[in-house]
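Structure assessment
Each chain, written out:
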Amino acid sequence: MISDESIHYHTLWYNPFNAASLEPRLTMTTQQPLIAELHATARDAQAQIAAAHDTGALEAWRVEFLGRRGRLSQAMQKLGGLSPEERRAAGAEANRIKGLLEELYAAGQRALQEQEAARKQAADRLDVTLPGRPIALGRLHPITQTVRDICAAFTSMGFDVAEGPEVEWERYNFDMLNIPRDHPARDMWDTLWIDWADPTEEGRRMLLRTHTSPMQARIMEKAKPPIRVIVPGKVFRHEATDARHEWHFYQVEGLAVGKGITFADLKGTLYEFARRIFGPDRRVRFRCDYFPFVEPGVDMSIDCFLCKGEGCRLCGDGWIEIMGAGMVHPNVFKAVGYDPEEYTGFAFGMGPERIAMLKHGIDDIRHFYANDVRFLRQF
Ligand code: DAH
């Protein structure tokens, strides 16, 4: 006699490839041959599905066990030859086994789907541990940085920033700055002339500007005092290069014009600038110097920050010259139509390369324009 109680139901197993045993679910007390055959079928099905690792194999398994001419339906065909009582028991068992086999088949399909999904995922996997491609970060050229520092020091004192043309009229570069043609001071600024001349007009020759000072005249021509402006820009000289000379370099020009501006304003402004760029302990020294567009003219030095003014290999005598300056020459005012009795002013000019060299201890100006990233990367 077969009873339901004689079959121990256990937890369903879902992954046929792990070959969980069907055995507990088939434990029976019966000797009926058809039931034994059904159980053998179930055991074989369980054993074989573990090897069905692709859709083709799983389909072959389905045909063999659950197909219309498969082992289960062949067994079921034998039910007709049994006594009604045996048929009832074997029939019920056949249905139950059918259910089990269908479960197995569904679990096999699920397993294959999961396998396929896992395979796809592995193939498409994004390896987040791969180091990213570094973005090449550029940086500002040390001269750009220095020019910006200089501009910041002056704009915070109320100066505007203006720029002017690098190809300049001879008139602005020289004549209006109190350097007439054939004046010996022109020797201070040998330059590159543009191969173009307007033969009809005297003085209409063009050159690569030798300094930023022509912007003094350009600005005064256009604006009315009070004027406070600095002019950063590129300048050119006909020059043999060496550790301290380049044929092109930068300058920052400064100009302040108004009523009652004195040499004390010049000193105070430039002293404050030196402290902002080179540190609060700096001392400054002014000495007489000659520039045609100022009177009196001076050069300004700071005390050497390396030896603190004692004298060393960098400075020599304890002082480092950083710029030229002076009170705007009356002839320059006249050239732009200002009345020198009404207005006074001061002007200055400095080289950012020299300031950068002092600040960073660079011993050759040519490093700045050699385009060697090993040098440039350091700033
Ligand atoms: N332009 C001068 C040069 O290139 C520098 C200079 C000196 C500018 C004195 C000035 C100044 O404005 O007042 O050597």
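This text follows the structure it describes.
What this report covers is the structure whose coordinates are included nearby. None of these values were measured; they are calculated from a predicted model.

Observations concerning the site of the ligand
Not every one of the 16 residues close to the ligand is listed here, only the nearest: His211, Ser213, Arg237, Gln251 and Glu253. In the model, an oxygen atom of the ligand is placed 3.1 Å from a nitrogen or oxygen of the glutamine 216 side chain. Glutamate 253 has a polar side-chain atom sitting 2.7 Å from an oxygen atom of the ligand. Within the complex, 92% of the 350 Å² of free accessible area of the ligand lies under protein. At the level of secondary structure, the elements contributing two or more residues to the shell around the ligand comprise strand E6 (248-258), strand E9 (319-328) and strand E10 (344-350). Residue composition of the shell around the ligand, grouped by class: seven nonpolar, seven polar and two charged.

Some details on the environment of glutamine 48
Take glutamine 48: it is sitting in helix H2 (residues 33-49). Residues glutamine 48 and leucine 58 lie ten residues apart in sequence; the distance between their C-alpha atoms is 9.4 Å. In this view, glutamine 48 contacts Trp61, Glu64 and Phe65; residues no more than four positions away in its chain are not counted.

Focus on the nonpolar core
Grouped together as the largest cluster of nonpolar side chains are 42 residues, with contacts concentrated most on Phe154, Leu270, Phe273, Ile322, Phe348 and Met350. Those elements giving two or more residues to this core turn out to be helix H6 (142-155), E6, helix H9 (263-278), strand E8 (294-303), E9, E10, helix H11 (352-360) and helix H12 (373-376). If we skip the residues at most four places from it in the chain, phenylalanine 154 touches Phe159, Ile230, Thr269, Leu270, Phe273, Phe348 and Met350. By size, the runner-up hydrophobic cluster in this structure holds 28 residues, among which are Trp189, Leu207, Ala217 and Val328.

So, a negative patch on the surface
Together, Asp187, Asp190, Glu239 and Asp242 make up a region of like negative charge exposed at the surface. Inspection of the secondary structure puts glutamate 239 in the loop between strand E5 (227-236) and E6.

Side note on unusual backbone geometry
Outside of glycine, negative phi angles account for most residues, and trans bonds account for most peptide bonds. Of note, the bond from proline 225 into proline 226 is cis; its omega dihedral lies within 30 degrees of zero at 5°. Within the secondary structure, proline 226 sits in the loop between helix H8 (214-222) and E5. Across the junction of glutamate 295 and proline 296, the peptide omega takes the value 0°, indicating a cis bond. The residue proline 296 is located in strand E8 in this model. One non-glycine residue, aspartate 182, lies in positive phi territory at about 75°.

Digging into the packing of aromatic side chains
For the coordinates displayed, the defined rule picks out 16 aromatic pairs. Centre to centre, the rings of tryptophan 189 and phenylalanine 293 are 6.0 Å apart; their planes meet at 35°, and the pair counts as tilted. One end of the pair, tryptophan 189, is in the loop between helix H7 (170-173) and strand E3 (193-197); the other, phenylalanine 293, is in the loop between strand E7 (284-288) and E8, and 104 residues separate them in sequence. Each member of the pair, tryptophan 189 as well as phenylalanine 293, is classed as buried. Across from the ring centre of tyrosine 172, 4.9 Å away, lies the NZ or CZ of arginine 171, which sits over that ring. A cation sits over an aromatic face here: arginine 205 above tryptophan 193, 4.4 Å from the ring centre.

Thresholds applied
Residues numbered from 1 in each chain as written. Predicted model: local features only at pLDDT ≥ 70, side-chain atom pairs only at ≥ 80, totals over all residues. Heavy atoms only, no water. Near = heavy atom within 4 Å. Polar contact = N/O pair within 3.5 Å; in protein donor to acceptor, adjacent residues only side chain to side chain. Areas by Shrake-Rupley, 256 points an atom, 1.4 Å probe, with all protein chains shown as cover. Helix = DSSP H or I, 4+ residues; strand = E, 2+ residues; numbered from the N terminus. Nonpolar A, V, L, I, M, F, W, Y, C, P; charged D, E, K, R; others polar. Contact = heavy atoms within 4.5 Å. Core = buried A, V, L, I, M, F, W, Y, C linked by side-chain atoms within 4.5 Å. Buried < 20%, exposed > 50% of the residue type's maximum accessible area, 1.4 Å probe, protein only. Patch = residues over 30% accessible without salt bridge, like charges linked within 9 Å, V, L, I, M, F, W, Y side chains within 5 Å. Salt bridge = Lys/Arg side-chain N within 4 Å of Asp/Glu carboxyl O. Lys, Arg positive; Asp, Glu negative; His and termini not counted. Charge placed at Lys NZ, Arg CZ, Asp CG, Glu CD. Phe/Tyr/Trp six-rings, centres within 6.5 Å; stacked < 30°, edge-to-face > 60°. Lys NZ or Arg CZ within 6 Å of the ring centre and 35° of its normal.

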